[in-house]
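# Structural overview
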Amino acid sequence: MGTCEMCGSERVMTLLSEISGTRLRCCNRCIESNNLNILEKRNVPLSKPRAPLSPVRAYTKNMSKLEKEVMPDFHRAIKRGREAKGWSSRDLAMRLNLRLNDIQKAEAGVQPADSTLEKIEKALDIKLFEDNISEPERSVRAPSSRGMTIGDALDEFLGKE
Ligand SMILES: [Zn+2]
């Protein structure tokens, strides 16, 4: 039993560990949370192996849930795209095998089915969907309950600012 030189916990099992070339006798908690190199053999097994901190790969994970979102001003884009082609609403409706009414409604801001929007997109060479990629999740380690991070404690111990 001893005092952890990193967090100051008293009457704890400490092990000689190394961090950035500095040797400290640290408690299991500090060793575990900082993945310290242990310079002596443990005689007490750690409670349970800490799950490896996986790098943020939430982006990849979210790709499977990637959803297309219709652009908020899709109706203006349709009208602009159609006029750029020099087509009337009727021309567009005929090309897409849609009713004139469908085109008129879409241009008035009534959102048609995605499949219809996709057809319009292709016919007019415009983009009506935007990719909806959620902000990647960040794996944030919970701050220390002592109100001081391990880094702070270590800096203090090492006499750094
Ligand atoms: Zn400690």
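Residues numbered from 1 in each chain as written. Predicted model: local features only at pLDDT ≥ 70, side-chain atom pairs only at ≥ 80, totals over all residues.

### Remarks on the sheet that holds strand E2 (residues 22-27)
The three strands are arranged E2-E1-E3 in an open sheet whose pairing can be described as antiparallel. Either end of the sheet is taken by a strand with one partner, and the two such strands are E2 and strand E3 (37-38). Taken together, the six bridges between strand E1 (residues 14-19) and E2 define a ladder with antiparallel strand orientation. When the bridges of E2 are listed, Ser-17 appears paired with Leu-24. (Pairing = 2+ DSSP bridges. Helix = DSSP H or I, 4+ residues; strand = E, 2+ residues; numbered from the N terminus.)

### A word on the confidence of the model for the chain
Considering every residue of the chain, the mean pLDDT works out to 80; 71% of them sit at 70 or more. Taken as a whole, residues 60-65 scores under 50 in pLDDT and shows two contacts with residues more than four places along the chain or in a different chain. (pLDDT = per-residue confidence, 0-100. Contact = placed C-beta atoms within 7 Å.)

### Quick word on unusual backbone geometry
A positive phi angle, close to 50 degrees, is found at Asn-35, a residue other than glycine. Along the chain, the position of Asn-35 falls in the loop between helix H1 (28-34) and E3. One non-glycine residue with positive phi stands out, namely Asn-97, at about 60 degrees. Within the fold, Asn-97 resides in the loop between helix H4 (89-96) and helix H5 (100-107). We classify Asn-97 as exposed; it has 8 C-beta atoms within 10 Å. (Buried ≥ 20, exposed ≤ 12 C-beta atoms within 10 Å, placed from the backbone.)

### As for the nonpolar core
By size, the foremost hydrophobic cluster in this structure holds eleven residues: Cys-4, Met-6, Leu-15, Leu-24, Cys-26, Cys-27, Cys-30, Ile-31, Leu-36, Ile-150 and Leu-154. Mapped onto this core, the elements with two or more residues apiece are E2, H1 and helix H7 (150-158). Per-element tally for this core: the top contributor is E2, with three residues. Residues in contact with Leu-24, not counting those within four places in the same chain, are Glu-5, Met-6, Ser-17 and Ile-19. (Core = buried A, V, L, I, M, F, W, Y, C linked by C-beta atoms within 7 Å.)

### Considerations on the pairing of E1
Counted between consecutive antiparallel strands, the loop separating E1 from E2 contains two residues, among which Ser-20 sits at a positive phi close to 45 degrees. Two strands pair when backbone bridges link them, and E1 and E3 are joined in this way by two bridges, in the antiparallel orientation. Bridge pairing links Ser-17 to Ile-38 in E3.

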